[in-house]
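# Structural overview for review
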Amino acid sequence: MHELNQPTILMCPPDFYGIEYEINPWMNRSTPNDPARSRIQWLGLHDVLVSLGVDVRLMEPVQGLPDLVFTANAGLVWKDKVFLASFRHSARQGETIRDEAWFQAAGFETLLLPSPLNFEGAGDALFCGDTLYGGYLVRSDASAIQWLGTRMGCRVIPLQLVDDHYYHLDTCFCPLDARTALYFPAAFDDYARRALSQIPHLIPVHPDEASRFACNAVVVGRHVVLNTGCPRLEADLTSHGFTPHSTPLDEFLKAGGSAKCLTLRLDGEDAAIWP
Ligand code: ARG
């Protein structure tokens, strides 16, 4: 995995995706997803990414692991290493052995955080420039984020998440480049909002669009891929020099996920300056 010369993203087809348990406020077993629509929407995202020049790598789906489709949670990729997730909920803990096997076969060094720390991968750990922002409380532990910062030798800013609807950092925060990020202010406490204000260009997302998972966007260079129904953010992105690409992902909102959750960047996010 050292000679990636094109943006490279890991995805997992939604063959066994479903709402089989409830571990966040969006999930409700009585509002199941439509498997055919889920497949079409997943393929739509896949095809937009390919059209933007992304090399999409695939992981094999596994029956009984309906959230494996959300590859963002597999781990935090750093150079030729991946810090694998230690999921908070037992329903997702079976994913780690699959993720580990995929990364080892792909040539990554796989690392686990010391137990009992919980950590949910790129869902809760995002670089903006040379700083690692870490979401904690709902899923990942603050000390997991600190542990990662020590291992990578980088500055860490832990951000407390205060609304269970925005339970992973990538549901309410999205670095676009080293100096620009999207965020949903109401998902953070005052301290976290102050910490985020160090980012030179911070674009707030409207509550109506935050709940359409507008912040859960995939960045490829100056292109931003997101769910449909976020016209305010599309206009803001354009005025900041980014090109929005919207694609319907409402079948995945039923599990509390959208574009970003369905992807994991393997060659480093565009916004990241790695130490
Ligand atoms: N149902 C999954 C969960 O609650 C959704 C994960 C979404 N992933 C993300 N990176 N936000 O864990």
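Let me begin by describing the structure that accompanies this report. (Residues numbered from 1 in each chain as written. Predicted model: local features only at pLDDT ≥ 70, side-chain atom pairs only at ≥ 80, totals over all residues. Heavy atoms only, no water.)

## A closer look at the overall build of the chain
Along its length, the chain carries eight helices and 15 strands. Relative to the compact-globule value of 19 Å for 275 residues, the chain shows a C-alpha radius of gyration of 17 Å, a close match. Referenced to the eigenvectors of the C-alpha coordinate spread, the extents of the chain come out at roughly 45 × 40 × 35 Å. A fraction of 69% describes how many contacts in the chain between residues 6 or more apart in sequence connect residues 24 or more apart. When the accessible surface of the chain is totalled, it reaches about 10600 Å², and 51% of it is carbon and sulfur. Here the chain contributes 21 positively and 33 negatively charged side chains, and the mean placements of these two sets differ by 3 Å. (Helix = DSSP H or I, 4+ residues; strand = E, 2+ residues; numbered from the N terminus. Rg over C-alpha atoms; globule rule 2.2 N^0.38 Å. Contact = heavy atoms within 4.5 Å. Areas by Shrake-Rupley, 256 points an atom, 1.4 Å probe, with all protein chains shown as cover. Lys, Arg positive; Asp, Glu negative; His and termini not counted. Charge placed at Lys NZ, Arg CZ, Asp CG, Glu CD.)

## Structural notes on the sheet that holds strand 13 (residues 223-226)
Here we have three strands laid out as an open sheet, ordered 12-13-14, and mixed in their pairing. Two strands close off the open sheet at either side, each with one partner strand: strand 12 (218-220) and strand 14 (243-246). Strand-to-strand twist in this sheet, taken as the mean axis angle between neighbours without regard to direction, amounts to 25°. When strand 13 meets strand 14, the two strands line up parallel, connected through four bridges. Looking across to strand 14, one finds that Leu226 is bridged to Ser246. Contacts from helix 7 (residues 231-239) reach strand 13 and strand 14, with the element oriented near 150° to strand 14. (Pairing = 2+ DSSP bridges. Axes fitted to C-alpha atoms, helices over the stretch in contact; angles between N-to-C directions.)

## Here's the deal with the nonpolar core
One finds Tyr133, Leu159, Phe173, Leu176, Phe188 and Leu233 to be the most contacted residues of the largest nonpolar core, which totals 37 residues. The set of elements that each furnish at least two residues to this core consists of strand 6 (125-128), strand 8 (155-160), strand 9 (173-177), strand 10 (180-183), helix 5 (190-196), strand 13 and helix 7. Not counting residues within four places of it along the chain, the set of residues in contact with Phe188 comprises Leu159, Gln160, Leu161, Val162, Leu169, Cys172, Phe173, Tyr183, Arg193 and Leu196. With 25 residues, the next largest nonpolar core counts Tyr17, Met27, Val69 and Phe252 among its residues. (Core = buried A, V, L, I, M, F, W, Y, C linked by side-chain atoms within 4.5 Å. Buried < 20%, exposed > 50% of the residue type's maximum accessible area, 1.4 Å probe, protein only.)

## With respect to unusual backbone geometry
The linkage connecting Ser115 with the following residue, Pro116, adopts the cis geometry, with an omega of 10°. For Pro116, the position within the fold is in the loop between strand 5 (109-111) and strand 6. The backbone of Phe213 sits at a positive phi, close to 65°, despite the residue not being glycine. With respect to the element layout, Phe213 can be found in the loop between helix 6 (207-210) and strand 12.

## Considering the state of the cysteines
Enumeration according to the criterion identifies zero disulfides in this entry. Just so you know, Cys12 is unpaired, no disulfide at all, and the nearest cysteine sulfur is the one on Cys261, 14 Å from it. Judged by relative accessible area, Cys12 falls into the buried class, the value being 0%. (Disulfide = S-S within 2.5 Å.)

## Things to note about the site of the ligand
Not every one of the 17 residues close to the ligand is listed here, only the nearest: Asn24, Arg92, Arg139, Asp170 and Cys261. One of the side-chain nitrogen or oxygen atoms of Asn73 is found 2.9 Å away from a nitrogen atom of the ligand. In the environment of the ligand, a nitrogen atom lies 2.9 Å from a nitrogen or oxygen atom belonging to the backbone of Ala255. When its residues are assigned to classes, the shell around the ligand shows seven nonpolar, six polar and four charged. (Near = heavy atom within 4 Å. Polar contact = N/O pair within 3.5 Å; in protein donor to acceptor, adjacent residues only side chain to side chain. Nonpolar A, V, L, I, M, F, W, Y, C, P; charged D, E, K, R; others polar.)

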